Amino acid sequence: MGLTFINAIVFGVQGNAMRMLGRNTPLNQFLAGSAAGAIQCVVCCPVELAKTLMQKHGTGKKKSSRNCTRILCTD
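Residues numbered from 1 in each chain as written. Predicted model: local features only at pLDDT ≥ 70, side-chain atom pairs only at ≥ 80, totals over all residues. Heavy atoms only, no water.

Student: When you look at the confidence of the model for the chain in this model, what are you seeing that I'm missing?
Tutor: Predicted coordinates in regions of low pLDDT should not be interpreted in detail. Per-residue confidence for the chain gives a mean pLDDT of 83; residues scoring 70 or more make up 88%. Across the chain, the element-wise mean pLDDT spans from 73 in helix α3 (residues 65-74) up to 90 in helix α1 (residues 3-21). (pLDDT = per-residue confidence, 0-100. Helix = DSSP H or I, 4+ residues; strand = E, 2+ residues; numbered from the N terminus.)

Shown next as C-alpha cells:
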C-alpha cells in the first residue's frame, strides 16, 4: 500500500472529522487525529500483515496477496 493512499485516508478522515466537529480547538484536532489514526490502522494493518507474511514465506503457498488474505481469514 503506497504512502499516497495512506495519506489520503489520514487527511480525508481528519478533514471530515474537523468539519463535523465544527470549531478548530486543540481538543477537536486531537479527536479528529485520533479518528484518522484509528481508521488508518483498520485499513493498513491487515494489508501490512499480509505483505510481511508473503515476504517471510517467500513463494510458498502464499503466492498472491489475495491468497494470503484468504489464508489469514481462515486460520
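Text resumes after the structure shown.
Student: Please explain the environment of Ile39 as it appears in this structure.
Tutor: On the secondary structure map, Ile39 appears in helix α2 (residues 26-57). In the structure, Ile39 is positioned 25 residues away from Gln14 in sequence and 9.9 Å away in space, judged by C-alpha atoms. Those residues in contact with Ile39 that sit more than four places away from it in its chain are Ile9 and Val13. (Contact = heavy atoms within 4.5 Å.)

Student: What should I look at first to understand α1 in this one?
Tutor: The periodicity of an α-helix, 3.6 residues per turn, causes residues three or four positions apart to be oriented the same way. With 19 residues, α1 should reach 27 Å at 1.5 Å per residue; the first-to-last C-alpha distance of 27 Å fits that figure. On its buried side, α1 packs onto α2. Phi for Gly22, located one or two positions after α1, is positive at around 95 degrees. (Expected span 1.5 Å × (residues − 1).)

Student: Is there a simple way to think about the side chain of Asn28 in this case?
Tutor: Mapped onto the secondary structure, Asn28 falls in helix α2. For Asn28, a relative accessible area of 12% gives the class buried. If we ignore the near neighbours within four places in the chain, the residues touching Asn28 are Met18, Leu21 and Arg23. (Buried < 20%, exposed > 50% of the residue type's maximum accessible area, 1.4 Å probe, protein only.)

Student: Hey, could you run me through α2 in this one?
Tutor: With 32 residues, α2 should cover 46 Å at 1.5 Å per step; its first-to-last C-alpha distance of 45 Å lies within 8% of that length. At Cys44, α2 shows its strongest bend, of approximately 30 degrees, with the proline Pro46 following within four residues. Among the residues making up α2, those that are buried are Asn28, Ala32, Ala36, Cys44, Ala50 and Leu53. (Bend = angle between axes of the 7 residues up to and from the residue.)

Student: Could you clarify how one ought to interpret the state of the cysteines in this entry?
Tutor: By definition, a disulfide links the sulfur atoms of two cysteines through a covalent bond. Following the criterion strictly, the structure yields 0 disulfides and no others. Looking at Cys41, it has no disulfide partner, and the nearest cysteine sulfur is the one in Cys45, 4.6 Å off. (Disulfide = S-S within 2.5 Å.)

Student: Hey, could you run me through the packing of α1 against α2 in this one?
Tutor: The relative placement of two packed helices is expressed as an angle between their axes plus a distance between the axes. At their nearest, the axes of α1 and α2 sit 8 Å apart, and the two run at 145 degrees to each other. Every pair of crossing elements has a handedness; the one defined by α1 and α2 is right-handed. When α1 is examined against α2, the residues Phe5, Ile6, Ile9, Val10, Val13, Gln14, Ala17, Met18 and Leu21 are found in contact with a partner set consisting of Asn28, Gln29, Leu31, Ala32, Gly33, Ala35, Ala36, Ile39, Gln40, Val43 and Cys44. (Axes fitted to C-alpha atoms, helices over the stretch in contact; angles between N-to-C directions. Left-handed = near helix turned anticlockwise from the far one by under 90°.)

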